[in-house]
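An overview of the molecular structure
Single-letter residue listing:
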Amino acid sequence: MPSIAAQDMLVKELKRIIDPKRVLDTPEALVVYSYDATTQQSLPAVVVKASSTAEVSGVLKLAARLRVPVVPRGAGTGLSGGSIPAAGGIALVLTGMDKIREIDRENMVAVCEPGVITADLQKAVEREGLFYPPDPSSLGYCTVGGNVAENAGGPRGIKYGVTKDYVLGLEVVLPGGEVVRLGGKQIKNVTGYNFVQFFVGCEGTLGVVTEATLKLLPSPPARRTVAATFSKLERAAETVTAILYSGVIPSTLELMDQKSINYVEDYLRLGLPRHVEAMLIIEMDGMPEAVEAEAARVVAVCRDMGAAELKIARDSAEADQLWKARRAVSPAISRVRPSKIGEDISVPRSAIPDMVREIQKIEERFNLPIVIFGHAGDGNLHPNILTDKRDPQEMERVEAAIQAIFEAAVRLGGTLSGEHGIGLSKQRFLSLNLSPETINFMKAVKKAVDPAGILNPGKIFGSDM
Amino acid sequence: MDSLRDLQKSLWKCNKCGSCTSVCPLYAQTKDEALSARGRLAVIDALLDGGLAPGKSYEECLYNCILCQACSANCASGVPTTEIFLAARSALTRERKQPLAQRLFFRGLLARPDRLKLGVSALCLCQKTGLHRLAGSGVVSRLLPLSVRRARDFLFDAPLSGFRVKDIPKADHPRGCVAYFPGCAVSALMPQVCRSTCRLLALSGWDVVLPENYCCGMPHLVHGDEETARRLARKNITLYRDVEVVVTDCATCGAALKGYEKLLSGDSGYGEMARLFSAKVRDLTEFLAGTGVSLPAAAGAAPTGSAPRAPGPDGAVFGRPPSAGYAAAGLTPGGVDSSHFHTSAGEVHRVTYHDPCHLARGQGVRRQPRQLLKAIPGVKLVEMENPDACCGGGGSFLFTHPGLAEKVGGAKARAILNTGAGVVVTECPGCVKQIKLSLQRESGGARVKVVHLAEFLGSGFTL
């Protein structure tokens, strides 16, 4: 926190370039822009709500001159602390830049501002018969800018990839305030460095995205959902591979472990079998004929693999019923203990059963309930530790359990985060996963782009920059 | 502060996921985190932890909320947001005096039926003499703050006639007796709604009694004056002690009356009485859909074919023996007899329904109003997008926060206009007024009528 005089000057200078109504420093404003969806919190010195690229640029120029940290923020729904103003400074809120500038049907691209809510973009392009696949569970309230900054994924990753696979072009404001435009509507483009991807997943440490050009697909006309339960977890995991090997790439392939099934059952009483170790929810989408054929094959594979029970939705209402269980996992486990800490490891698909067994051992060792669900199709698992963040003794155990989970994931050839980012939450573990040379290279790049270290300092690499 | 501190544990259940922002009508319009439930909870938490002082901006933060309850209904972790916000307002009011103007209005006027009547008479006089037009004339109007202009529009958008629920029609062959609870807003500003409700009840075979009730207390509760709300609750509970069922046609009153149980749960004298009282409160649509209803003939529309039938001794209306009293009739699903309700032959009228917050989320009543509307011949119920999204009225919110109310109201008006319906029906006087104002601004000449459901059903509303 800067001195009061310095803060007053910062506010005064900001109000000179931004409408004073959008420069906030009441205690309440500082509190409400101090958090994201993690358990951490840190107050900014001032909040600025930007309404244009020029304003973003102006704020960064001023911040560079005054050497004040700037933390870009979308809807604050991130799960790694990326948008938390850890070093104080300016919380640069981009939710006001929420226009979809263009939906280009001929070239199948959308151009939008960073504050557009992901679900709003999806609905808007759907009205044009188009499809924007990335689907983080927070899609109803997270923003496109945040999705780009964190390279958000979602259940559809297995077939459709993640946010990075849809970003064709970006307008980015660099830490010095310069505005650069990278990529564009072209599918192929090798003019200059492929720096579009450089900024995707940069966690707001390299630049502020002020416009994104996103690739769209034709909207798939048909969907089919199948749910299968397995008495043994290994069988469920093997089934995932068998389905893919049979030639079908489902649009989603979700796994729920026994605990998540039971918590959902406690919560909604859907009649789920409590004794099975795993449930898979598999969805196919595409042309109706193809979807029918794929569904038939998936059902056959599940039978061959010895599924305990198999449910095939005949219409969208029945599909909703099947999805209800998966969607209820989060609310169901949120009610069990005061807090839940969701991790986001990603392992090679073949390592899923081993990873789940490892987590079960960790659960016993640290005596903490851990629920496992996630995107089995792409190896991205979300072990959720149910705890009480206000119990310091228990939180020590939680920290140790998290470390053990990461160690196991890395040992099995996995990575710390599939779709949430490193931010504040996982920086302590970075060296588990990346070599010193790799980390040094990343730091050198960060220093080259942001020599003053004003943009989202303290993230990914910690304070040791 | 203690009751708020008691709630801090449930506040901690908020894992700040942000999903409340996706249903908050104010966040949708402003994208302002301080208006979201998650934001307000964080501010209250900071206050309780001593990191924040309850200054002016804290008060603003607490009151920048319509209390539509969408966040609490949507919260995955089950955080009782609305309850926490009310407790925070109440704690603040206990700590600092309410502003004089507020105290005068809520305690001095709304909580005093005699003065309220006097006030309404004064308003009527104002309107009859044309005095109110003074506030509408060009220069004066421009000088008035938006909130006062809003209050003027709210009060004077239709001719006022004062309290007129004196001559209650009698049921021909009564099935039993119900007590009516007319809210302050309907009786002061829409007496035709009160008359319609009484008529509907009488036509459906109920004798109506009308104790001179007090304000339900909701306005006091939302402004942090729990003490006055409790006082009013005790008075109403005593007044309605001897009746078996209390029917109200105001969504807000219904929610307040059903909430007496909770409001007085710790009250040694009234706790049990409050529980019994709340259990006998029914929203009008809940009651009619449950016990059966006979709709009257449309005013002015001469019935074709047979002469109007009295809902009658043959029990044709409900398929239930006339001797069955209320207790026997119970609240089982009943029929709707609309044989007297005439619209021009063959015509289909598109009607849309807006769910008031205090009815849909406050009381869980969504099916019954639709069931009644669908039973009317010639009425085609067309659902608008998000019919249970708040209209932005929020009782006094539309005066205290006219700018925000206007934005939220605009979204509601556009959803209504998109249905192509000629009539929008709802069951809350505040919603009726707010939707009227919003449609006037948004419609650009399209005429959409806004009607209270009781009026629509009970007066044989001419389509």
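Above this note sits the structure.
Anyway, here's the lowdown on the structure attached to this text. Bear in mind the structure is a predicted one, so any value in this text is a computation, not a measurement. (Residues numbered from 1 in each chain as written. Chains lettered and ligands numbered in written order. Predicted model: local features only at pLDDT ≥ 70, side-chain atom pairs only at ≥ 80, totals over all residues. Heavy atoms only, no water.)

Turning our attention to the interface of chain A and chain B. Contacts between the two partners involve 32 residues from chain A, matched on the other side by 29 residues from chain B. Between chain A and chain B, roughly 2300 Å² of surface is buried when both sides are summed, and carbon and sulfur atoms account for 53% of that area. Area buried by chain A at its contact with chain B is led by Glu28(A), Tyr141(A) and Arg390(A), which between them contribute 27% of it. Between the two partners, chain A and chain B, sit 4 salt bridges. Our count for the contact surface shared by chain A and chain B stands at 14 residue pairs in polar contact (both at pLDDT 80 or more). Of all elements in the fold, only helix 2 (27-32) and helix 12 (329-334) of chain A reach the threshold of two or more residues within the side of chain A that touches chain B. Broken down by element, the residue count for the side of chain A that touches chain B peaks at 4 residues, all from helix 2 of chain A. (Contact = heavy atoms within 4.5 Å. Buried area = accessible area lost by both parts, 1.4 Å probe. Salt bridge = Lys/Arg side-chain N within 4 Å of Asp/Glu carboxyl O. Polar contact = N/O pair within 3.5 Å; in protein donor to acceptor, adjacent residues only side chain to side chain. Helix = DSSP H or I, 4+ residues; strand = E, 2+ residues; numbered from the N terminus.)

Every regular strand shows the same layout, with side chains that alternate between the two sheet faces. Residue and element names in this part refer to chain A. Summarising burial for strand 13 (residues 252-257): 6 of the 6 residues are buried, a large majority. Side chains of strand 13 alternate between two faces, with Thr252, Glu254 and Met256 and Leu253, Leu255 and Asp257 buried alike. In this sheet, strand 14 (residues 278-286) lies alongside strand 13 in antiparallel orientation, the contact comprising 6 bridges. Bridging across to strand 14, glutamate 254 finds its partner in isoleucine 281. Pairing geometry for strand 13 and strand 17 (residues 370-375), over 2 bridges, is antiparallel. Each bridged residue has a counterpart across the sheet, and for leucine 255 the counterpart in strand 17 is glycine 374. (Buried < 20%, exposed > 50% of the residue type's maximum accessible area, 1.4 Å probe, protein only. Pairing = 2+ DSSP bridges.)

Attention now moves to the sheet that holds strand 9 (residues 179-183) of chain A. Residue and element names in this part refer to chain A. In spatial order, the strands read 5-6-10-8-9; together these 5 strands make up an open sheet with antiparallel pairing. A strand with exactly one partner marks an edge of an open sheet, and here the two such strands are strand 5 (100-104) and strand 9. Across the sheet, the mean angle from the axis of one strand to that of its neighbour is 10 degrees, orientation sign disregarded. Bridge count between strand 8 (residues 167-173) and strand 10 (residues 208-215): 6 bridges; the pairing is antiparallel. Considered in strand 10, the bridge of leucine 170 is made with alanine 212. Each of strand 8, strand 9 and strand 10 is contacted by helix 3 (residues 53-66), which is oriented at about 50 degrees to strand 8, the strand it contacts most. (Axes fitted to C-alpha atoms, helices over the stretch in contact; angles between N-to-C directions.)

Bringing unusual backbone geometry into the picture now. Of note in the backbone geometry, Glu203(A) takes a positive phi value of approximately 55 degrees without being a glycine. Take Glu203(A): it is sitting in the loop between helix 7 (196-199) and strand 10. Judged by relative accessible area, Glu203(A) falls into the buried class, the value being 7%. Even without a glycine there, the phi angle at Leu67(B) is positive, about 60 degrees. Along the chain, the position of Leu67(B) falls in the loop between helix 5 (56-63) and helix 6 (70-74).

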